[in-house]
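# Architecture and fold: a report
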Amino acid sequence: MSNIKRYEQAHQVLSSLHGDELQTRFLELFPDKEGRRGYIAWDVARLDAMEPPELSAPAFINVIDTKGLIQESRALELAIAMIESRPLVPVGSDNKFLYRLLADPYSLVSQDKNTGFFSKDGKNQRLIDRHTLGVNTTVQPRLPAVPLSRRKQNLSEESTGSSAESDDHNQAPGWIFYQLGELQATQYNWKNNRTWSQSSVREALDVLKEREDTEMDVWTNTGFNLVARLDNNTGRCAGIYAIFNMCPENPQTYYREQITHDKWGFLPSGEHFAVARISRSLGELGYLREMKWDEKIEHPVELVRVRPAGNPLGAIRQTVDKSTTAL
């Protein structure tokens with residue numbers, strides 16, 4: 001048997017393993033140092049040769065709206081393509097601002113800032129990649145502690161996660177989502193018109209095109225990220241939601257910093273919330289669609305990592321790992 005064939009067969013075995021089991025099986029397949037070095041060199045070359053496909057905005061929308069995203073290989077392939085292509089998707093408009101999505105599968109992080117592949121709660125459980133997270137809507141983290149008017153009494157500050165073997169019931173206090181990216185805005189109405197109309201948006205789009213042709217950077221980050229809530233049974237998109245990023249990256253230090261001030265969760269229009277639903281699917285969005293913010297949650301919510309549930313469509317929200325240190 002040629003070395004290439006041997007490496008390919010070994011990869012099929014090893015790709016489904018992790019942790020101590022992966023290390024033990026690797027040493028069984030390659031007991032000598034020369035064999036291990038050869039396999040590692042082959043695997044590095046294999047990864048280098050993998051060129052992510054270009055991802056257009058229509059293709060991105062189609063994947064989000066029609067494919068099951070709990071399947072880890074598909075979800076990771078999409079995340080890589082999103083990073084490489086950074087597609088832009090028109091989202092909607094209000095009486096002053098246009099909104100768009102800049103694709104990014106890793107903008108949000110869990111409350112404990114665990115960016116590794118395994119839980120740090122002493123159980124060392126394998127986690128799904130960070131493109132997929134969970135939100136615990138009945139857990140209110142201690143920070144930000146202000147404003148008091150936006151904190152809800154009698155909510156636990158401690159993570160409880162999912163008590164079931166999978167998040168397979170609709171009444172669970174939270175849900176799992178796939179990250180779509182950054183919600184950006186640009187002002188188009190400088191006349192302070194109080195009503196929204198498609199005709200005014202159409203005029204604004206013509207002006208916006210002229211401004212973009214001059215390479216003026218007219219879009220700004222709103223502080224919110226869009227996510228696709230995943231259906232418990234199929235793993236497909238069950239709604240598009242906006243979640244405020246409570247732990248953004250500092251552009252100077254590149255460290256994640258927890259927000260502690262009282263001005264969090266505000267859109268340029270003045271709307272404020274931590275989480276809100278904006279549509280059923282990504283494909284129904286567009287600049288000529290008036291923005292609607294439904295199912296709003298005003299108080300801070302907890303974001304957590306997600307682990308596999310032992311079946312292709314299953315996943316379980318984790319509790320926050322208290323032993324994890326900040327990035």
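What this report covers is the structure whose coordinates are included nearby. (Residues numbered from 1 in each chain as written. Predicted model: local features only at pLDDT ≥ 70, side-chain atom pairs only at ≥ 80, totals over all residues. Heavy atoms only, no water.)

### Comments concerning the overall build of the protein
The cut-off we apply is this: Secondary structure elements follow DSSP: runs of H or I of four or more residues count as helices, runs of E of two or more count as strands, with numbering from the N terminus. Summary of the burial criterion: residues with accessible area below 20% of their type's maximum are buried, those above 50% are exposed, and those between are partly exposed, where the area comes from a 1.4 Å probe applied to protein chains only. Whether two residues are in contact is decided by their heavy atoms, any of which lying within 4.5 Å being enough. The method behind every accessible area is Shrake-Rupley, applied with a 1.4 Å probe, and residues are considered shielded solely by the protein chains displayed.
When helices and strands are counted, the protein shows 6 helices and 11 strands. Buried positions account for 45% of the 327 residues belonging to the protein. A separation threshold of at least 6 residues defines the contact pool for the protein, and within that pool the share at least 24 residues apart is 71%. Of the roughly 17,400 Å² that the protein leaves accessible, carbon and sulfur atoms contribute 49%.

### Focus on unusual backbone geometry
Unusually for a residue other than glycine, Arg 86 sits at a positive phi of about 45°. Here Arg 86 is to be found in the loop between helix 5 (72-85) and strand 1 (88-93). Taking the relative accessible area as the measure of exposure, Arg 86 reaches 34% and is therefore partly exposed. Of note, Glu 295 is a non-glycine position whose phi angle comes to about 50°, a positive value.

### Looking at the packing of aromatic side chains
What counts here: For this analysis, a ring pair means two rings from Phe, Tyr or Trp (six-membered ring only for Trp) whose centres lie within 6.5 Å, classed as stacked if their planes differ by under 30 degrees, edge-to-face if by over 60, and tilted for the remaining angles.
If you walk through the whole model with that rule in mind, you get 15 aromatic pairs. Seen in terms of ring centroids, Tyr 7 and Trp 42 are 6.0 Å apart; in terms of plane orientation they differ by 40°. Their pairing is tilted. With Tyr 7 in helix 1 (residues 3-14) and Trp 42 in helix 3 (residues 33-49), the pair connects residues that are 35 residues apart, well separated along the chain. Each member of the pair, Tyr 7 together with Trp 42, is buried. Put simply, the rings of Tyr 99, Phe 224, Phe 244, Trp 264, Phe 273 and Trp 293 touch in pairs and so form one group of aromatic residues.

### Points about the pairing of strand 4 (residues 174-187)
What counts, and what does not: Between any two strands, pairing holds if DSSP finds at least two bridges.
Across the 14 residues that make up strand 4, a large majority, 13, are buried. As defined by bridge partners, strand 2 (residues 97-103) adjoins strand 4 across 7 bridges and the pair is classed as antiparallel. Residue pairing in the sheet places Leu 102 in a bridge with Glu 182 of strand 4. For strand 3 (residues 132-136) and strand 4, the ladder comprises 5 bridges, and the chain directions are antiparallel. The partner of Leu 133 across the bridge, within strand 4, is Phe 177. One ladder, built from 7 bridges, connects strand 4 with strand 5 (residues 220-230); its direction is antiparallel. Within the sheet, the bridge partner assigned to Gly 181 lies in strand 5 and is Leu 226.

### A word on the nonpolar core
Short version of the rule: In this text, buried Ala, Val, Leu, Ile, Met, Phe, Trp, Tyr and Cys residues form a nonpolar core when linked through side-chain atoms within 4.5 Å.
Formed by 58 residues in total, the largest nonpolar core has its most connected members in Phe 60, Tyr 178 and Leu 180. Per-element tally for this core: the top contributor is strand 4, with 7 residues. Residues contacting Tyr 178, with those up to four places away along its chain left out, are Ile 64, Leu 69, Ala 75, Leu 78, Ala 79, Met 82, His 131, Thr 132, Val 227, Ala 228 and Leu 230. Residues Leu 98, Val 218, Trp 219 and Tyr 287 belong to the second largest nonpolar core, which totals 8 residues.

### With respect to helix 4 (residues 57-66)
Along an α-helix, a turn takes 3.6 residues, which lines up residues three or four apart on a common side. Inclusion rule: What the arc describes is the spread of directions from the helix axis to the C-beta atoms. In protein, a polar contact means a hydrogen-donor-capable atom and an acceptor-capable atom, both N or O and within 3.5 Å, with residues adjacent in sequence counting only if both atoms are side-chain atoms; elsewhere, any N or O pair within 3.5 Å suffices.
By the burial criterion, the buried members of helix 4 are Phe 60, Val 63 and Ile 64. When helix 4 is viewed along its axis, its buried side chains cluster within an angular range of 95° and face the same direction. Summarising the contacts, the buried residues of helix 4 are in contact with helix 5, strand 1, strand 2, strand 4, strand 5 and strand 6 (237-244). Its side-chain oxygen 3.2 Å from the backbone nitrogen of Ala 59, Ser 56 forms the N-cap of helix 4.

Function-wise, these values are silent; they only describe arrangement.
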